[in-house]
Amino acid sequence: RHTRYWRDWSSDVCSSDLAKFFPKMELILGNHDIRHLKAASEARIPSQMVRSFQEMFGVPGWNFHTNPRKKLIVQTPSGPVMFVHGMEDGGKVIDKATMLGMNVVQGHDHKAEIVYRQVGKKFVFGASAGNMLDPISKGADYNARSAKGSVNSMMIIKNGVPYILVGSNDPV
């Protein structure tokens, strides 16, 4: 394993590290995560020749969902939380939470925030999870053109409460 940058936890994170803290995970992969699958299909490369995410990461308790339109609902002590990639319906995540009357976490928009809103007699949150994109990778080039940029972070839900872990976006 190689650490690019001492202040950036995300440059030093690998699946074995995450597996220690999260031995069981449901991962909804986004449009960027599955680009190679689409490219292989368009090039008529048989799917058997493309390694699965499970083969690449090798963590038995991790379940990879390769359909970015998948919606995953997890029951927590504070009520259900829906996890979505974020590209499927557009709009702000807090508006989705309000419309559904339940907590929603999404990725895709490359920002990290948690917003609460009162819906009837309860509160719901809409949370954007950020990403773990290497800020100097070729895959991040398109993001350099964005005025907003990207936040290097990940979201954890513990007992129904969302937390954002923020990494560094500084290049080497």
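Just above sits the structure.
The structure contained in this document is the topic of the report that follows. Small disclaimer: the values here were computed from a predicted structure and weren't measured.

## Section: the nonpolar core
Ranked by size, the top nonpolar core spans nine residues in total: L18, A19, L29, I34, F53, V59, W62, F64 and M154. For this core, the secondary-structure elements that each account for two or more residues are helix 1 (15-21) and strand 2 (62-65). Core analysis: the second largest hydrophobic core is formed by eight residues, M82, V84, V104 and V124 among them.

## Observations regarding the side chain of H65
Structurally, H65 can be placed in strand 2. Residue H65 is classed as buried on the basis of its relative accessible area of 13%. Dropping the residues within four chain positions of it, H65 is found in contact with E26, L27, I28, L29 and K70.

## Comments concerning the sheet that holds strand 5 (residues 103-106)
Spatially, the five strands line up as an open sheet ordered 3-4-5-7-6, and their pairing is mixed. Two strands bound the open sheet, and with one partner strand each, they are strand 3 (71-76) and strand 6 (112-119). Between one strand axis and the next, the sheet turns by 20° as a mean value, whatever way the strands run. Pairing geometry for strand 5 and strand 7 (residues 122-129), over three bridges, is parallel. Paired with Q106 across the strands is S128, a residue of strand 7. Lying on the sheet, helix 4 (residues 93-100) is in contact with strand 4 (79-84), strand 5, strand 6 and strand 7; it crosses strand 7 at an angle near 145°.

## Let's talk about the packing of aromatic side chains
Under the counting rule described, the total for this entry stands at five aromatic pairs. A ring pair is formed by F57 and W62, whose centres lie 6.3 Å apart and whose planes are at 45°; its orientation type is tilted. Judged by its relative accessible area of 37%, F57 falls in the partly exposed class. With a centroid separation of 5.9 Å and 65° between ring planes, the pair formed by Y116 and F125 is classed as edge-to-face. Owing to a relative accessible area of 49%, Y116 belongs among the partly exposed residues under this scheme. Ring pairs connect the aromatic residues F53, F57, W62 and F64, which therefore count as one cluster.

Procedures and definitions
Residues numbered from 1 in each chain as written. Predicted model: local features only at pLDDT ≥ 70, side-chain atom pairs only at ≥ 80, totals over all residues. Heavy atoms only, no water. Core = buried A, V, L, I, M, F, W, Y, C linked by side-chain atoms within 4.5 Å. Buried < 20%, exposed > 50% of the residue type's maximum accessible area, 1.4 Å probe, protein only. Helix = DSSP H or I, 4+ residues; strand = E, 2+ residues; numbered from the N terminus. Contact = heavy atoms within 4.5 Å. Pairing = 2+ DSSP bridges. Axes fitted to C-alpha atoms, helices over the stretch in contact; angles between N-to-C directions. Phe/Tyr/Trp six-rings, centres within 6.5 Å; stacked < 30°, edge-to-face > 60°.

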